[in-house]
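Close look at the chain arrangement
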Amino acid sequence: MADLLIGQVLRFGGNPMTEGIEAARHSARGGVLVESGRIAEVGEADDLRRAHPDARITDYGDALISAGFVDAHVHYPQTAMIASWGKRLIDWLNSYTFPEEMKFADPAYASEIAARYFDLTLSNGTTTVCSYCTIHPESVDAFFTEAERRGLRAFAGKTCMDRNAPEALTDTPRTAYDDSKRLLQKWHGRGRLSYVVTPRFSPTSTPEQLDAMGALWKEHTDCLMQTHLSEQTDEVAWVKSLFPTLRDYLDTYEQFGLLGPGALFGHAIYLEPREIDRLREVDASLIHCPTSNTFIGSGLFDMDGLSRSGHRIGLATDTGGGSSFSMLRTMAAAYEVAQLRGRPLHPSELWWLATQGAARSLRADDRIGNLAPGMEADIAVIDLASTPAITQRSERAKDIWEALFPTIMMGDDRAVKAVWVGGRPV
Ligand SMILES: [Zn+2]
């Protein structure tokens, strides 16, 4: 039986970052017809009602029906240590992250956190994430098992590290390759799940391990590859000292076969001109993690410059370096960071980055991140009057963007009225 969801409908006919707000399509009384897990039609509510009299109707009133949010860079194992005080990147990893990640050797703990993580992301309207796991294969199994149980489209990989990390959190070039390959063969392409080749970052991988990861990726070019790039100045200097003969940070990936379409680089704040050009040339994805970049004190991503030059950019929470599970809060931080660089991002751009843009960075924008016929029916329904503060502001809005912006800036999980995954309400 088909479902017809009625409310305000927001979708995209193009990319507002490059085409302007006309690329966004808003209907004040629209409808989304869902059938067999996919979106069958999008249009005006009355037209769809007439054309599909048998459809089961869910009327969301004035709430906004959107594609579910896509979070392009997270660490689900850091769920329980989010909002840990007072450190910058390297100290933060050693003080908080690594001790927590060690616990994932225990499959029961990994399963408990994976379930808690998806409860939190779904309650925030996020229907797809791309996650790092830990070095333990058990952590990957726990993530995918839970994602599969909930019918989610999900991306993840085993984090590989063979130096500059505690003994209990290191693998080797050989075991990183073998374990990753086994997990890839087990999970990649199973239902809605995709494996991602995942070296944590150059400081924690030897050249031999980076080379092994490059070899694995070359054998499986239909997989994505994710890692971190140029997050903090100390880190960039450290990478230069670890790889003195290479041209720059990006070169530590490029030389080992870890640069290409389908590569996802988290942060990408302190880029040199060669790196910027090369990333554009190969059409790799840059993942902007604004709450993390302010929380850990990293810096201000150049959204204006990099989007103008045509880079493929996604948006992400970077849980738990990021300080929120919410893509609304993440959009707000992206707005603030861009303001500090002199470019106010329009609500249509922010919403696009959190849905279609993030999906595009994962090369999944033909399946998720938008409301269009044939797309998978992952949907978030957003209440634009979820708190008294938001309501009193949105009440005097003159158009959808003024009505939406208070929720972007001040909204949280209370604004998420309903979530549909694969054509079913959750
Ligand atoms: Zn990260």
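It should be noted that the structure appears before, not after, this text.
Not measured: the values here are computed from a predicted model. (Residues numbered from 1 in each chain as written. Predicted model: local features only at pLDDT ≥ 70, side-chain atom pairs only at ≥ 80, totals over all residues. Heavy atoms only, no water.)

With that settled, consider the overall build of the protein. Along the backbone of the protein there are 16 helices and 16 strands. Over its C-alpha trace the protein gives a radius of gyration of 21 Å, about what one expects of a compact globule, namely 22 Å for 426 residues. Dimensions along the principal axes, computed over C-alpha positions, put the protein at roughly 65 × 45 × 40 Å. Put simply, the protein has 426 residues, and 61% of those count as buried. Within the protein, contacts between residues separated by at least 24 positions form 74% of all contacts whose residues are at least 6 apart in sequence. The protein carries 43 positive and 57 negative side-chain charges, and their two centres are separated by 2 Å. (Helix = DSSP H or I, 4+ residues; strand = E, 2+ residues; numbered from the N terminus. Rg over C-alpha atoms; globule rule 2.2 N^0.38 Å. Buried < 20%, exposed > 50% of the residue type's maximum accessible area, 1.4 Å probe, protein only. Contact = heavy atoms within 4.5 Å. Lys, Arg positive; Asp, Glu negative; His and termini not counted. Charge placed at Lys NZ, Arg CZ, Asp CG, Glu CD.)

Every protein donor of the zinc ion is accounted for by His-73 (NE2), His-75 (NE2), His-228 (NE2) and Asp-318 (OD), and the metal-donor separations fall at 2.1 to 2.6 Å. What the 4 donor atoms of the zinc ion show is an angle range of 86 to 167° at the metal, which sorts the shape as irregular. Positions of the donor residues of the zinc ion, expressed as sequence spacing, correspond to H-x1-H-x152-H-x89-D. Placement of the pair is His-75 in strand S5 (residues 69-75) and His-228 in strand S10 (residues 224-229), with a sequence separation of 153 residues. Of the two residues examined, His-75 and His-228, each falls in the buried class. (Donors = N, O, S within 2.8 Å, 3.2 Å for Na, K, Ca; no water. Tetrahedral: all angles 85-135°; square planar, octahedral: opposite > 155°, others 65-115°.)

On to the pairing of strand S12 (residues 285-288), then. With burial as the criterion, each face of S12 is covered, one bearing Ser-285 and Ile-287 and the other bearing Leu-286 and His-288. Strand direction decides the pairing type here: strand S11 (residues 263-267) and S12, joined by 3 bridges, are parallel. Bridge pairing in S12 links Phe-265 to Leu-286. Crossover handedness for the path S11 to helix H10 (residues 273-282) to S12: right-handed. (Pairing = 2+ DSSP bridges. Right-handed = clockwise from strand over helix to strand, strands pointing away.)

Tracing the chain through its elements places Asp-318 in the loop between strand S13 (312-315) and helix H13 (327-340). Taking the relative accessible area as the measure of exposure, Asp-318 reaches 4% and is therefore buried. Each C-alpha atom of the pair Asp-318 and Ala-389 lies 27 Å from the other, and the pair is 71 residues apart in sequence. For Asp-318, the residues in contact, after removing those within four places along its chain, are Asp-71, His-73, Val-74, His-75, His-267, Cys-289 and Ser-292. Side chain to side chain, Asp-318 and Ser-292 meet in a polar contact 2.8 Å long. (Polar contact = N/O pair within 3.5 Å; in protein donor to acceptor, adjacent residues only side chain to side chain.)

Once that is clear, we can look at helix H3 (residues 89-102). Compared with the 20 Å implied by 1.5 Å per residue over 14 residues, the 18 Å span of H3 between its first and last C-alpha is a close match. A bend of about 35° at Tyr-96 is the largest found in H3, and the proline Pro-99 appears one to four places after it. Residues of H3 that are buried include every one of Leu-89, Trp-92, Leu-93, Thr-97, Phe-98, Glu-100 and Glu-101, and no others. (Expected span 1.5 Å × (residues − 1). Bend = angle between axes of the 7 residues up to and from the residue.)

The next thing to look at is the nonpolar core. Buried together is how nonpolar side chains tend to be arranged in soluble globular proteins. Residues Tyr-76, Phe-265 and Trp-351 are the most contacted members of the largest nonpolar core, which totals 101 residues. Looking at which element gives the most residues to this core, the answer is helix H4 (residues 107-123), with 7 residues. Among residues more than four places away in sequence, those in contact with Tyr-76 are Phe-104, Ala-110, Ile-113, Ala-114, Tyr-117, Ser-131, Tyr-132, Cys-133, Ser-139, Ala-142 and Phe-143. Listed in part, the 17 residues of the second largest apolar core include Val-32, Ile-65, Ile-379 and Val-381. (Core = buried A, V, L, I, M, F, W, Y, C linked by side-chain atoms within 4.5 Å.)

Let's shift gears to helix H14 (residues 347-361). Along an α-helix, a turn takes 3.6 residues, which lines up residues three or four apart on a common side. Roughly 50° is the biggest bend found in H14, and it falls at Leu-353. Summarising burial for H14: 14 of the 15 residues are buried, a large majority. In the stretch just after H14, Arg-363 is the one whose phi turns positive, near 55°.

On to the pattern of salt bridges, then. Close approach of charged atoms allows side chains with opposite charge to pair. Counted according to the given criterion, the structure contains 37 salt bridges. Between Asp-302 and Arg-341 there is a salt bridge, and its shortest N-O distance comes to 3.9 Å. Separated by 39 residues along the polypeptide, Asp-302 in the loop between helix H11 (290-295) and helix H12 (303-308) and Arg-341 in the loop between H13 and H14 bring together distant segments of the chain. Here Asp-302 falls in the partly exposed class, since its relative accessible area comes to 26%. Overall, Arg-341 belongs to the partly exposed group, its relative accessible area being 44%. (Salt bridge = Lys/Arg side-chain N within 4 Å of Asp/Glu carboxyl O.)

Across the sheet, which stays open at both edges, the 7 strands sit in the order S3-S2-S1-S4-S14-S15-S16 with mixed pairing between neighbours. Of all strands in the sheet, those with a lone pairing partner are strand S3 (38-44) and strand S16 (424-425), marking the two edges. Judged from the 4 bridges that link them, strand S14 (residues 379-382) and strand S15 (residues 416-421) form a sheet pairing that is antiparallel. Bridge pairing links Ala-380 to Val-419 in S15. Strands in contact with H14 are strand S1 (3-12), strand S2 (24-35), strand S4 (56-67) and S14; relative to S1, the strand with the most contacts, it is inclined by about 115°. Sitting on the sheet, helix H16 (residues 400-410) touches S1, S2, S4 and S14, and the angle it makes with S1 is about 95°. (Axes fitted to C-alpha atoms, helices over the stretch in contact; angles between N-to-C directions.)

Now for the environment of Leu-5. Along the polypeptide, Leu-5 turns up in strand S1. Classification of Leu-5 as buried rests on a relative accessible area of 0%. Expressed as a C-alpha distance, the spacing of Leu-5 and Leu-246, which sit 241 residues apart in the sequence, is 54 Å. Ignoring sequence-local partners within four residues, the contact set of Leu-5 consists of Gly-30, Gly-31, Val-32, Val-34, Thr-58, Tyr-60, Ile-65, Ile-379 and Trp-420.

So, about unusual backbone geometry. Omega for the bond connecting Thr-319 with Gly-320 falls within 30 degrees of zero, at -5°, which places this linkage in the cis form. For Gly-320, the location among the structural elements is in the loop between S13 and H13. The phi angle at Ala-83 is positive, at roughly 60°, despite the residue not being glycine. Relative to the assigned elements, Ala-83 resides in the loop between S5 and H3. In this structure, Ser-230 is a non-glycine residue whose phi angle is positive, near 50°.

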